[in-house]
Protein chains: 4
Amino acid sequence: MKQYQEQVNKWFKEKKWDYWDPLAIITRLFEECGELAREVNHVYGPKQKKLEEKKKNIEDEIGDIIYTLICFANSHDIDLEEATQKSIDKVADRDKDRYKK
Amino acid sequence: MKQYQEQVNKWFKEKKWDYWDPLAIITRLFEECGELAREVNHVYGPKQKKLEEKKKNIEDEIGDIIYTLICFANSHDIDLEEATQKSIDKVADRDKDRYKK
Amino acid sequence: MKQYQEQVNKWFKEKKWDYWDPLAIITRLFEECGELAREVNHVYGPKQKKLEEKKKNIEDEIGDIIYTLICFANSHDIDLEEATQKSIDKVADRDKDRYKK
Amino acid sequence: MKQYQEQVNKWFKEKKWDYWDPLAIITRLFEECGELAREVNHVYGPKQKKLEEKKKNIEDEIGDIIYTLICFANSHDIDLEEATQKSIDKVADRDKDRYKK
């Protein structure tokens, strides 16, 4: 994850690009997630197409979501590895409690 | 609002259509909102197009969102007018408190 | 629908409030739709609660989404009735073609 | 990224958990993104709080989104590293063309 964050950061610096405004990135995140939702509804929703036809699109949309998150994280000095690890630990921890007795 | 809900209900009955599964409708809502987000980002985000070029699209996307909400509401016996009025009242009420002193 | 749009407009004028920035409204729409998604997942997702316990919350969240759309529409001179009618007509029209043969 | 995907996979196997249905995961993604939107609107929207107060929450919400994407990807044999790399390359490629002349 870190390498992707650095790759994007380096590249924005070279191009002298600024990251978008936070609200514009969130709006973009909405758009990208909406595209994933469309593809997933095509496979699992009421008008089904075969997963195989759609899998590449689904992968692409997920990649675009992560790219959008990288842009947001980079413009806020957020370490995505740390954030991801914390979320996994949180679910694991919640689960531990559930089975404690 | 009521008339739109009835219009859609009548029409689904005529066609003998069922409303989609709730999770599929929510996924569709995500998709439709994502399309609105894209159009709004085109006008107010970093790569701006003129509002005038985009206004029709924005209107269309909002209509699609409301249509999706009508489908969900109809399949759950929810009265959208009541729901809307309650939300307006809630904001008004919250506001009243804020200025009370 | 028109009456709700006018009610909100009148009230913002009285309070001398401005509508939020478009990107902030879209971000709020995302938040409100996310709250609906949570409630719906509680009923139809993997950890099910009874619909009856959750129906009020679902209604509330849908009302909040429509209120958010009203704010956006009002700040862009969009007539929600027209937008809704157009979306219904579009689906009806698409359907007509499908069954034409 | 790969290590997170494996960590979650291993753990679901140990617990004998199944991944949720795809539409339920998308609905959860909507919820998690909505929570990020709320936090970001708190900082950059009309009722501003300081970024410093909110940064931890924003990090947490982004982690939860990535965890949700990991669950979806794992249940569909999608390699998130590959997906991310492809999206970065796509933007880089689109950009290259733009500056070609």
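Fair warning: this is a prediction, and the values are worked out from it, not measured in the lab.

(A) Examining the overall build of chain A more closely. When you go through chain A residue by residue, the secondary structure sums to 4 helices and 0 strands. Its helices and strands in sequence order give chain A the pattern α-α-α-α, from N to C terminus. Here chain A has a C-alpha radius of gyration of 17 Å; the compact-globule value for 101 residues is 13 Å, and the former is much larger. Judged by the C-alpha coordinates and their principal axes, chain A covers about 45 × 45 × 25 Å. The buried share among the 101 residues of chain A stands at 53%. Long-range pairs, those at least 24 residues apart, make up 62% of the contacts in chain A between residues at least 6 apart in sequence. For chain A, the exposed surface amounts to about 5000 Å²; the carbon and sulfur share of it is 47%.

(B) Just empty space enclosed by the protein, in detail. Taken as a whole and assessed by the stated rule, the structure comprises 1 cavity of 30 Å³ or more. When its volume is computed, the largest cavity comes out at roughly 50 Å³. Looking at the lining of the largest cavity, the elements with two or more residues in it are helix H2 (22–44) of chain A together with helix H2 (22–44) of chain B. Of the residues belonging to the lining of the largest cavity, the class tally is no nonpolar, 2 polar and 6 charged.

(C) Examining the interface of chain D and chain A more closely. With 52 residues of chain D at the contact, the number on the chain A side is 52 residues. At the boundary of chain D with chain A, total buried surface from both sides reaches about 4700 Å², with 70% on carbon and sulfur atoms. By the criterion of area lost to chain A, the three top residues of chain D are Tyr4, Glu59 and Ile88 of chain D, representing 12% of everything that side buries. The interface formed by chain D and chain A contains 6 salt bridges. A salt bridge links Asp60 of chain A to Lys86 of chain D; the nearest nitrogen and oxygen atoms lie 3.1 Å apart. The tally of links between chain D and chain A comes to 16 residue pairs in polar contact (both at pLDDT 80 or more). Among the elements of the structure, helix H1 (2–15), helix H2 (22–44), helix H3 (51–74) and helix H4 (80–98) of chain D are those that each provide at least two residues to the side of chain D that touches chain A. Top contributing element to the side of chain D that touches chain A by residue count: H3 of chain D, with 15 residues. Each residue belonging to the side of chain D that touches chain A can be placed in one class, and the counts come to 31 nonpolar, 8 polar and 13 charged.

(D) Spotlight on the packing of helix H2 (residues 22–44) of chain C against helix H3 (residues 51–74) of chain C. Residue and element names in this part refer to chain C. At a closest axis distance of 9 Å, the pairing of H2 and H3 adopts a crossing angle of 165°. In this view, H2 runs roughly antiparallel relative to H3, as classed from their interaxial angle. Note on packing geometry: the crossing formed by H2 with H3 is left-handed.

(E) Main features of the relation of the copies chain D and chain A. Overlaying chain D on chain A yields an RMSD of 0.0 Å, the required transformation being a rotation through 180° with an accompanying axial translation of 0.0 Å. Expressed as a symmetry operation, the mapping of one chain copy onto the other fits a two-fold axis. Residue Met1 of chain D, judged by its C-alpha, is the member of chain D lying nearest the rotation axis, at 2.8 Å.

(F) Structural view of unusual backbone geometry. Of note in the backbone geometry, Lys16 of chain A takes a positive phi value of approximately 55° without being a glycine. Taking the relative accessible area as the measure of exposure, Lys16 of chain A reaches 74% and is therefore exposed.

(G) The arrangement of the interface of chain C and chain D in detail. If you look at the interface, chain C gives 13 residues, while chain D gives 14 residues. In this assembly, chain C packs against chain D so that about 1300 Å² is buried in total across both faces, 71% of it on carbon and sulfur atoms. Considering only the surface of chain C that becomes buried against chain D, Phe30, Glu31 and Asn41 of chain C emerge as the three largest contributors, covering 35% of it. Run the count over chain C and chain D and you get 2 residue pairs in polar contact (both at pLDDT 80 or more).

(H) Highlighting the packing of aromatic side chains. With the rule as written, the count across this model stands at 22 aromatic pairs over all chains. Both rings, one in Phe12 of chain D and one in Tyr19 of chain D, keep their centres 4.3 Å apart while their planes meet at 20°; by these two values the pair is stacked. Accessibility expressed as a relative area gives 8% for Phe12 of chain D, which makes it buried. Looking at Tyr19 of chain D, the relative accessible area reads 18%, which means it is buried. Three or more aromatic residues joined by ring pairs form one cluster here, namely Trp11, Phe12, Trp17 and Tyr19 of chain A.

(I) Structural context of the environment of Ala37 of chain B. Its location among the elements puts Ala37 of chain B in helix H2. If we skip the residues at most four places from it in the chain, Ala37 of chain B touches Thr27, Phe30 and Glu31 of chain A together with Ile26 of chain C.

(J) Quick peek at the relation of the copies chain C and chain D. Its rotation angle being 180°, the transformation that places chain C on chain D also includes 0.0 Å of axial translation and leaves an RMSD of 0.0 Å. Looking at the interface residues of chain C, 100% of them are also at the interface in chain D, so both copies use one shared face.

(K) Broad picture of the pattern of salt bridges. Here the structure, examined in full by the defined rule, presents 40 salt bridges over all chains. A salt bridge links Asp79 of chain C to Lys2 of chain C, with the nearest nitrogen and oxygen atoms 3.2 Å apart. Of the two residues, Asp79 of chain C sits in the loop between H3 and helix H4 (80–98) while Lys2 of chain C sits in helix H1 (residues 2–15), which places them 77 residues apart along the sequence. Overall, Asp79 of chain C belongs to the partly exposed group, its relative accessible area being 22%. With a closest N to O distance of 3.4 Å, Lys10 of chain C and Glu14 of chain C form a salt bridge. Placement of the pair is Lys10 of chain C and Glu14 of chain C together in helix H1, with a separation of 4 residues, close to one helical turn. One exposure class covers both Lys10 of chain C and Glu14 of chain C, and it is exposed. By sharing partners, the salt bridges in this structure join Lys56, Glu59 and Asp60 of chain A together with Lys86 of chain D into a single network.

What counts, and where the lines are drawn
- Residues numbered from 1 in each chain as written.
- Chains lettered and ligands numbered in written order.
- Predicted model: local features only at pLDDT ≥ 70, side-chain atom pairs only at ≥ 80, totals over all residues.
- Heavy atoms only, no water.
- Helix = DSSP H or I, 4+ residues; strand = E, 2+ residues; numbered from the N terminus.
- Rg over C-alpha atoms; globule rule 2.2 N^0.38 Å.
- Buried < 20%, exposed > 50% of the residue type's maximum accessible area, 1.4 Å probe, protein only.
- Contact = heavy atoms within 4.5 Å.
- Areas by Shrake-Rupley, 256 points an atom, 1.4 Å probe, with all protein chains shown as cover.
- 1 Å grid on protein atoms, 1.4 Å probe; cavity = no way out; pocket = protein on both sides within 12 Å on 5 of 7 lines; lining within 4 Å.
- Points joined across faces, edges and corners; volume = space filled by probe spheres on them.
- Nonpolar A, V, L, I, M, F, W, Y, C, P; charged D, E, K, R; others polar.
- Buried area = accessible area lost by both parts, 1.4 Å probe.
- Salt bridge = Lys/Arg side-chain N within 4 Å of Asp/Glu carboxyl O.
- Polar contact = N/O pair within 3.5 Å; in protein donor to acceptor, adjacent residues only side chain to side chain.
- Axes fitted to C-alpha atoms, helices over the stretch in contact; angles between N-to-C directions.
- Parallel < 35°, antiparallel > 145°, perpendicular 65-115°, else oblique.
- Left-handed = near helix turned anticlockwise from the far one by under 90°.
- Least-squares fit on C-alpha atoms with pLDDT ≥ 70 in both.
- Phe/Tyr/Trp six-rings, centres within 6.5 Å; stacked < 30°, edge-to-face > 60°.

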